[in-house]
Structure formats: C-alpha cells, structure tokens
Amino acid sequence: MEKSLQTLNRQEKIAVWSDRIAACRSSGISVRVWCEGNGISTVSYYKWQKKLFCLVAQSVPQFAEVCVAPVAPIWATVHLGDISVDIHSGADAETTAMLLRILQSC
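The structure reproduced in this document is the subject of the present report. This is a predicted model, so every value here is computed, not measured. (Residues numbered from 1 in each chain as written. Predicted model: local features only at pLDDT ≥ 70, side-chain atom pairs only at ≥ 80, totals over all residues. Heavy atoms only, no water.)

## Some remarks on the overall build of the chain
Rule in force here: Secondary structure elements follow DSSP: runs of H or I of four or more residues count as helices, runs of E of two or more count as strands, with numbering from the N terminus. Think of it in three bands: with a 1.4 Å probe and only protein chains considered, a residue is buried below 20% of the maximum accessible area for its type, exposed above 50%, and partly exposed in between. Residue contacts follow a heavy-atom distance rule, with two residues in contact if any of their heavy atoms lie within 4.5 Å. Values of accessible area rely on a 1.4 Å probe in the Shrake-Rupley scheme; residue burial ignores everything except the protein chains shown.
Helix and strand content of the chain: four helices and two strands. Order of helices (α) and strands (β) in the chain, N terminus to C terminus: α-α-α-β-β-α. Residues classed as buried in the chain amount to 16% of the 106 residues present. Taking all contacts inside the chain whose residues are at least 6 apart in sequence as the whole, residues at least 24 apart take part in 26%. Working note: accessible area of the chain is about 8500 Å², and carbon and sulfur atoms make up 59% of it.

If you want it as structure tokens, here you go:
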C-alpha cells in the first residue's frame, strides 16, 4: 500500500519527487502534459524540481581556480642575528624599506 504524501517524511518525499522528476524529464513530453497525465500540479512539480536542484548544488563539491604566481628569484638576503629576510627581485622600494626598518627595530 502506497503512503500518501502527507505521511511521508522529508527523505521519503525527496525520493518520491526525485523519481517523478526523473520520469518527467525522460518522458520526452512537456512538463504540463506529463503533470496532467500523472495528476500533479505543475506548480508542485517546479517547486520540487527547484528544491532538488538546490540540494544537489549544495552537496556537490565546488571547485575554484587558484592561480599561484611564480616565486621571483631572491635578489638579496638580509641577516640580523638569528633573523634573515629574503628580498625577491621585483619587490618595490617601499616594501624593501619597510622590511629594513622592521629589522632595525629588532
């Protein structure tokens, strides 16, 4: 005996609607015609389709491209006691001056 949708829990509803949406999409007919033939309102169909697509989107790992700039060769290394600082070629004068001021304060 099939349970009515009112008595199904959330996971069961998701499974039922997942099957319905898959059947509709693979039927080759329009959503409106499929829904009419299966006694389902198109509003409910689209509401559940949106819910399921959102659930899938949330559960799929998302990837982002990360561009790593190549490390510039070391132009100079400044040593002060146990501290050493590498200054890479291409470092601007302001950054280099700031590093030297910090080293002087140590």
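Next comes the rest of the description.
## Quick notes on the pattern of salt bridges
Put simply, the test is: The working definition used for a salt bridge is a side-chain nitrogen of Lys or Arg within 4 Å of a carboxyl oxygen of Asp or Glu.
Within the structure shown, the criterion is met by one salt bridge. As a salt-bridge pair, Glu36 and Arg32 come within 3.2 Å of each other at their nearest N and O atoms. Here Glu36 pairs with Arg32, and both are found in helix 2 (residues 31-38), just four residues apart, close to one helical turn. The residues Glu36 and Arg32 share a single accessibility class, namely exposed.

That is the geometry; function is a separate question.
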